[in-house]
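Below, each chain spelled out in residue letters.
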Amino acid sequence: MGELIARNLLHRPLRTLIGIMAVAVEVALVVLIVGLTSGLLAESAKRIQGIGADIVLQPPAASIFLGFSGSPMPMKIGEKLETLKYVQAVAPALLQFNSSGGVETIYGIDKDSYRAVSGGFVFLKGHDMEGPDDMLVDDWEARAKKFKVGDTYNLLNHDWTIAAIVEHGKGSRIFVPIVTLQELVGARDKASIFLLKCTRSEHTDDVMDEIRAVFPGYTIRPLKEFLSLLTSTNVPGLEPFIHSMIALAVSIGLLVIFLTMYTTVIERTRDIGVLKSIGANRAFIIRALLTESAVLCLLGIGAGVGLSYIIRAAFLAGFPTLSILITVPWILRAGAIALAGAVIGASYPAWMASRKDAVEALSYD
């Protein structure tokens, strides 16, 4: 049977290639859509965890996305937090979402308190913020926008000077003085979040309980949980979007396999008649066509995995701040989805072929 399947696939090489590429596109769509969403969420969570704080305080009913924390809080809250037991340092931060020239969240920080909470930046080039218009950018942002120390960057209709390029993983990709950002966005003496460092990490729960007693209704989260919180199930609308894209990809693969195998059966009516005349039963015909579609699908899965890595490399070359996470479990899942779709798509043509009468098939012109 193996030789028969190979000859059938090579009989119409262009049609076989189209079938393989359709499955490849199906697999690549699934892998890349899931990889992009999970990669961006995981990378954001790691940057937040990388700040080094133990607790983040947000306004009531705030989103898990820090950039959408809601109404800013008075800076005086920080003074109260500093008096709590087991609190070593408190750092206010004003977060400003920006979509001009790319989607990013700007952190307005006080460099001394942020250093006390996070342990400080790793400076790759340049120096810490000294003036009100100084800006720090991480290495990913600098590579994406080709920043150099000393460059001027207009952001929020304000000219900033790139004071330093720092190692990524400290919350944001862009940092500016909090006082300057407060003036620019009209949030004087306000902060979007407060980051707290405990004297020991074991005291995190105790400090959180005390904050709840002092500031009832406010959102309090331990930073170590952000990696588990930032998932597709916790982002409204994201999981249905992923499922819709997977369904679309499967539909493409299923339809192409169906059309490929259907036209195969039409073209090979006489061949099927010959097989039946020499004793091939219905089960053999069905098995041969389903195996052929499975082999076609497996070749497409291999091509799809390769295509996924090629597309990811191209995207990362053009957009260095993107994070596309390709994982073995999702490659296997995408392959299983494609294989199931191929078998379903080939089932009707295989059943139709098995029902052909040998005499009628041999007389088919």
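Details of the structure are given in the entry above.
Predicted model, so just to flag it, every value in this text is computed and none were measured.

Undergrad: Before we go on, may I ask you to explain the overall build of the protein chain in this structure?
TA: Across its full length, the protein chain carries 13 helices and twelve strands. The 365 residues of the protein chain split such that 46% are buried. Looking at the protein chain alone, contacts between residues at least 24 apart form 80% of all its contacts between residues at least 6 apart. Here the protein chain displays about 17,700 Å² of accessible surface, and carbon together with sulfur accounts for 61% of that area.

Undergrad: Please clarify how the packing of aromatic side chains should be interpreted in this entry.
TA: The geometry of two aromatic rings is summed up by the distance between their centres and the angle between their planes. Considering all chains together, one arrives at eight aromatic pairs under this definition. On the numbers, 5.7 Å between centres and 20 degrees between planes, the contact of Tyr 114 with Phe 121 is stacked. Ring geometry for Phe 121 and Phe 123: centres 6.3 Å apart, planes at 75 degrees, overall edge-to-face. Through a chain of ring-to-ring contacts, the aromatic side chains of Tyr 107, Tyr 114, Phe 121, Phe 123 and Phe 175 assemble into a single cluster. The ring centre of Trp 330 lies 4.3 Å from the NZ or CZ of Arg 333, which sits over that ring.

Undergrad: I would appreciate a short explanation of the environment of Tyr 107 in the present structure.
TA: By the element assignment, Tyr 107 lies in strand E4 (residues 104-109). Taking the C-alpha atoms as reference points, Tyr 107 and Pro 92, separated by 15 residues in sequence, lie 9.9 Å from one another.

Undergrad: Sorry if this is basic, but what is going on with the pattern of salt bridges here?
TA: As a working rule, side chains carrying opposite charge can pair if their charged atoms are close by. All chains considered together, the criterion is met by eight salt bridges. Between Arg 115 and Asp 112 there is a salt bridge whose closest N-O contact spans 3.2 Å. You can see Arg 115 and its partner Asp 112 sitting in helix H4 (residues 111-118), three residues apart, about one turn around the helix. Between Lys 145 and Glu 141 there is a salt bridge, with the nearest N and O atoms lying 3.0 Å from each other.

Undergrad: I keep staring at the pairing of strand E12 (residues 219-222) and nothing clicks. Help me out?
TA: The side chains of a regular strand alternate, residue by residue, between the two faces of the sheet. Of the two faces of E12, both are covered, the one formed by Thr 219 and Arg 221 as well as the one formed by Ile 220 and Pro 222. The sheet contact formed by strand E1 (residues 55-58) and E12 spans four bridges and is antiparallel. Directly across from Gln 58, in E12, lies its bridge partner Thr 219.

Undergrad: Is there a simple way to think about a nonpolar patch on the surface in this case?
TA: The grouping of Leu 14, Leu 17, Ile 18 and Met 21 at the surface amounts to a nonpolar patch, some 400 Å² of accessible area in total. For Ile 18, a relative accessible area of 49% translates into the label partly exposed.

Undergrad: Mind showing me how you'd approach helix H7 (residues 204-214) here?
TA: Because an α-helix packs 3.6 residues into every turn, residues spaced three or four apart end up facing the same way. Along H7, the residues classified as buried are Thr 204, Val 207, Met 208 and Ile 211. The buried side chains of H7 occupy one side of the element, clustering within an arc of 100 degrees when seen end-on. Exposed residues lying more than 90 degrees from the buried face of H7 are Asp 205 and Ala 213. Against the buried residues of H7 lie E1, helix H3 (76-82), strand E3 (87-98), strand E11 (193-198) and E12.

Undergrad: What is the right way to read the environment of Val 250 from this model?
TA: Along the chain, the position of Val 250 falls in helix H9 (residues 238-267). When the C-alpha atoms of Val 250 and Ala 340 are compared, they prove to be 9.2 Å apart, with 90 residues separating the residues in sequence. Beyond its immediate stretch of four places on either side in the chain, Val 250 contacts Glu 26 and Ile 337.

Undergrad: Got a minute to help me understand the side chain of Asp 54 in this structure?
TA: Residue position: Asp 54 is located in the loop between helix H2 (13-49) and E1. The buried charged residue Asp 54 lacks any salt bridge, with Lys 197 as its nearest oppositely charged partner at 4.5 Å. When residues no more than four places from it in sequence are discounted, the contact partners of Asp 54 are Leu 196, Lys 197, Cys 198, Ser 201, Thr 204, Arg 221, Pro 222 and Leu 223.

Undergrad: For this particular structure, what's the right way to read unusual backbone geometry?
TA: Peptide bonds are, in most cases, trans, and in most cases residues other than glycine have a negative phi. In this model, Leu 156 sits at a positive phi of 60 degrees, which is unusual for a non-glycine residue. Along the polypeptide, Leu 156 turns up in the loop between strand E7 (152-155) and strand E8 (158-166). A positive phi angle, near 60 degrees, is found at Asn 157, a position not held by glycine. Mapped onto the elements of the fold, Asn 157 is located in the loop between E7 and E8.

Undergrad: Looking at this structure, I do not really get the nonpolar core. What am I missing?
TA: Nonpolar side chains in soluble globular proteins generally cluster together in the buried interior. If you look at the biggest cluster of nonpolar residues, it comprises 30 residues, and the most contacted ones within it are Val 23, Val 27 and Ile 257. It is H2 that provides the largest number of residues to this core, a total of nine residues. With sequence-adjacent residues up to four places away left out, Val 23 is seen in contact with Ile 257, Cys 297, Gly 300, Ile 301 and Ala 338. Counting residues in hydrophobic clusters, the runner-up holds 22 residues, among them Ile 48, Met 129, Ala 163 and Ala 164.

About the cut-offs
Residues numbered from 1 in each chain as written. Predicted model: local features only at pLDDT ≥ 70, side-chain atom pairs only at ≥ 80, totals over all residues. Heavy atoms only, no water. Helix = DSSP H or I, 4+ residues; strand = E, 2+ residues; numbered from the N terminus. Buried < 20%, exposed > 50% of the residue type's maximum accessible area, 1.4 Å probe, protein only. Contact = heavy atoms within 4.5 Å. Areas by Shrake-Rupley, 256 points an atom, 1.4 Å probe, with all protein chains shown as cover. Phe/Tyr/Trp six-rings, centres within 6.5 Å; stacked < 30°, edge-to-face > 60°. Lys NZ or Arg CZ within 6 Å of the ring centre and 35° of its normal. Salt bridge = Lys/Arg side-chain N within 4 Å of Asp/Glu carboxyl O. Pairing = 2+ DSSP bridges. Patch = residues over 30% accessible without salt bridge, like charges linked within 9 Å, V, L, I, M, F, W, Y side chains within 5 Å. Arc of directions from axis to C-beta. Lys, Arg positive; Asp, Glu negative; His and termini not counted. Core = buried A, V, L, I, M, F, W, Y, C linked by side-chain atoms within 4.5 Å.

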